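Listed below, chain by chain, are the residues.
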Amino acid sequence: MIGALPDLLRQFELERLEVNLFRGASRDIGSPQVFGGQVLGQALTAAYATVVEGREVHSLHAYFLRRGDFDRPIVYQVDRSRDGHSFSSRRVIAIQNGEPIFTFSSSFHSAEPGLDHQSSMPQVPSPESLPDWSRPTPDVAERLPEKMRRFLVRERPFELRPVEPIDYLDPKPQPPLQHVWLRTAGALPDDPRLHRCLLAYISDFNLLGTATRPHATEFSSDHLTMASIDHAMWFHRDFRVDEWLLYSMESPSASGARGFARGSLYDRSGRLVASTAQEGLMRVRS
């Protein structure tokens, strides 16, 4: 493994404080607050620690209540809501400074056969044929505002290959669609729980930004405030997050200072492995 990936994996090694109480370390990734995907992935890790082997998460729903401080750890309190014959349900509250910053519900299911169909994967270029548009070149980076440069130039634990080129200096209105190939920057152990937690982590990256594309603006703009309000995710089929996955995102609506986006994740063979949905604050300041 190379780069920032080992550090990310350490973030998912939660400290167990009590039977249903866990503590996780936070990281500064260049955003003003704790990255939402970190809290999402750590909450899922805490929930998984209370679920019997053989049951995998199939859905999760979360609300972001307060900004997290990346200089402080986060405590995760798990409620073992239900353990049935084939399903388990968990609720998690993330706490910082004595206050809840995030609530999370998830459901786990033992594998069983059933009916099977899916939507088709969009036809896009392969990741090998695409440049790494996700990070600006040095000459472009030095011309970016400090807020944007701090976020974009950091080493990341994931490789990202956007299909649609990114113009950081002079963005133009674009359709509310994005396609991004992604995978971890190194091989991972054969642990399906880890792969699902890491996919939850990266699923928060780029999703809400899809809603800004028709408006030719970025999250780092001084006149735009953006923050995740909620996040939902459904896991359909097994996958590996250290192999290329296509994240296909669209934003059908933005209104009332909120943007809505949804996404589909496909593996290289075209299997739909997960779906996402998110609403976030998009407040324009004069």
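Residues numbered from 1 in each chain as written. Predicted model: local features only at pLDDT ≥ 70, side-chain atom pairs only at ≥ 80, totals over all residues. Heavy atoms only, no water.

Some words on the overall build of the chain
- Summing up its helical and strand segments, the chain has five helices and 12 strands in all.
- Scaling as 2.2 N^0.38, a compact globule of 286 residues should have a C-alpha radius of gyration of about 19 Å, and the chain matches this with 18 Å.
- Seen along its three principal axes, the alpha-carbon backbone of the chain occupies a region of about 55 × 45 × 40 Å.
- Of all intrachain contacts in the chain linking residues separated by at least 6 positions in sequence, the fraction that spans at least 24 positions is 72%.
- Carbon and sulfur atoms form 52% of the exposed surface of the chain, whose accessible area is close to 13,800 Å².
- Taking the average place of the 33 positive charges on the side chains of the chain and the average place of its 36 negative ones, the gap between the two points comes to 3 Å. (Helix = DSSP H or I, 4+ residues; strand = E, 2+ residues; numbered from the N terminus. Rg over C-alpha atoms; globule rule 2.2 N^0.38 Å. Contact = heavy atoms within 4.5 Å. Areas by Shrake-Rupley, 256 points an atom, 1.4 Å probe, with all protein chains shown as cover. Lys, Arg positive; Asp, Glu negative; His and termini not counted. Charge placed at Lys NZ, Arg CZ, Asp CG, Glu CD.)

Brief notes about the nonpolar core
- Core analysis: the biggest nonpolar cluster contains 55 residues, and F102, F104 and L199 have the highest contact counts within it.
- Residues within four places of F104 in sequence aside, it is in contact with L40, A43, L44, A47, L60, H61, A62, R90, R91 and V92.
- Grouped together as the second largest cluster of nonpolar side chains are eight residues, L130, V163, W181 and Y266 included. (Core = buried A, V, L, I, M, F, W, Y, C linked by side-chain atoms within 4.5 Å. Buried < 20%, exposed > 50% of the residue type's maximum accessible area, 1.4 Å probe, protein only.)

Describing helix α5 (residues 192–203)
- In this model α5 runs 16 Å from its N-terminal to its C-terminal C-alpha over 12 residues, within 8% of the 16 Å that 1.5 Å per residue would give.
- Within the sequence span of α5, burial applies to R193, L194, H195, R196, C197, L198, L199, A200, Y201, I202 and S203.
- Regarding α5, its N-cap is D191, as a side-chain oxygen of that residue lies 3.0 Å from the backbone nitrogen of R193 further along. (Expected span 1.5 Å × (residues − 1). Polar contact = N/O pair within 3.5 Å; in protein donor to acceptor, adjacent residues only side chain to side chain.)

Details of the pattern of salt bridges
- Within this structure, the stated rule accounts for 16 salt bridges.
- The salt bridge involving D7 is made with R27; its shortest N-O contact spans 2.8 Å. Of this pair, D7 sits in helix α1 (residues 5–11) while R27 is found in the loop between β2 (21–24) and α2 (36–48), placing the two residues 20 residues apart along the sequence.
- The partly exposed category is assigned to R27, whose relative accessible area is 24%.
- A salt bridge links R66 to E99, with the shortest nitrogen-to-oxygen separation between them at 3.5 Å. (Salt bridge = Lys/Arg side-chain N within 4 Å of Asp/Glu carboxyl O.)

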